[in-house]
Amino acid sequence: MTKTTGFFAILTAALVLLGVLVASSLPDGLEHVAESLGFAGRASQGAAWSPFADYEAAFVEGSWLAQVTAGIAGVGLIWAFGALLGRTLKRKGGG
Amino acid sequence: MHIPDGFLTPPVWAALDAGAIPVVGYFVRRTQRSFEQSRIPLLGVLGAFVFAAQMINFPIWAGTSGHLVGGALLALTLGPSAAVVVMTAILVVQALVFQDGGLLALGANVLNMAVIGVWVGYLPAKLLGRRTSARRVAAFAGGWLSLMAGALCAAIELWLSQVAPPGPLFASMLGIHAVTGLAEGAITAASLVAIERLNPGFVYANGGRAAQPAGDAVVEEPRARQAAVSGR
């Protein structure tokens, strides 16, 4: 599976580093529906209590770097979760 | 289609929060019982890929964008049970760390994208068989149906929360996600084609039945032929 993991690792890096440059800021499906039908205002805005709210690291200067930092944090967390999950799934004797 | 807090009314989000816990717990146990060992390396890397892809919106038509959700892709590579678990983790991280999707609405989002989205995404391939020539079509269909099913569930939840009249609500949710679903289907199918090229003999994941006794290898062709094909 090394080629496959390598391939997706590279794709992921490209998405995080380059994707944020081209990403559209248009509202996604649900947001658009909410705006058109008039219930978008119900969303609780709330203060940004997380340093990574909205996929931007609040403590980093510069939009691209802030987004990349947030992306790396998220990718790292999910990858770590997957690795931990994998470890709990390993059975003795290669079941 | 991450639902933020404030859209759903308490009876709706509370019921879904309560229901999501045992459902995800069930799939955690099922994953522990029957995950194909050889796919372990895929857990982290595909989860990370789906997370990253969800961050990158692409324009769909005037005024709207879409992004990969990834339920079908995870289901076909990791198996649907593990896909439920990984997608749930993604949604939890998104809500807790990135404030994408509400905290109270987590149950709803988990149900829509991690449970229903995953299993509906898996169904066409399961019905058509993992190695038939129709499997690429099944992957595309799985991606599209997975979005439609998720959007339908979200629309039902929003309707129950009385945010808008049902006609326009269902029409617009299903209409927009029918278009985004084409991209989801295409990306799902293309990803699986790529995996097959890199890993000849790769078979779309099973539904969580116990792994084969002597060979839980993902590649099911004889080693000699596989080595010849991939030049190792």
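Residues numbered from 1 in each chain as written. Chains lettered and ligands numbered in written order. Predicted model: local features only at pLDDT ≥ 70, side-chain atom pairs only at ≥ 80, totals over all residues.

**Focus: the packing of helix α2 (residues 29-37) of chain A against helix α7 (residues 166-198) of chain B**
Phase 1 of the analysis: At a minimum axis separation of 10 Å, α2 of chain A and α7 of chain B run at an interaxial angle of 150°. Here α2 of chain A is positioned roughly antiparallel relative to α7 of chain B, judged by the angle of their axes. Like other packed secondary-structure pairs, α2 of chain A and α7 of chain B cross with a definite hand, here right-handed. Along the contact surface, α2 of chain A presents Gly 29, His 32, Val 33, Ser 36 and Leu 37 of chain A, while α7 of chain B presents Pro 168, Leu 169, Ser 172, Met 173, Ile 176, His 177 and Thr 180 of chain B.
Phase 2 of the analysis: For the contact of α2 of chain A with α7 of chain B, the residue count by class is six nonpolar, six polar and no charged. (Axes fitted to C-alpha atoms, helices over the stretch in contact; angles between N-to-C directions. Helix = DSSP H or I, 4+ residues; strand = E, 2+ residues; numbered from the N terminus. Parallel < 35°, antiparallel > 145°, perpendicular 65-115°, else oblique. Left-handed = near helix turned anticlockwise from the far one by under 90°. Contact = placed C-beta atoms within 7 Å. Nonpolar A, V, L, I, M, F, W, Y, C, P; charged D, E, K, R; others polar.)

**Things to note about the interface of chain A and chain B**
Phase 1 of the analysis: If you look at the interface, chain A gives 51 residues, while chain B gives 58 residues.
Phase 2 of the analysis: Of all the elements in the fold, those that place two or more residues in the side of chain A that touches chain B are α1 (2-22), α2 and α3 (63-89) of chain A.
Phase 3 of the analysis: When residues of the side of chain A that touches chain B are assigned to their parent elements, the largest contribution, 13 residues, is made by α3 of chain A.

**Regarding the confidence of the model for chain A**
Phase 1 of the analysis: Of the residues in chain A, 95% have a pLDDT of 70 or more, and the chain-wide mean is 90.
Phase 2 of the analysis: Per-element mean pLDDT across chain A ranges from 94 in α1 of chain A up to 96 in α3 of chain A. (pLDDT = per-residue confidence, 0-100.)

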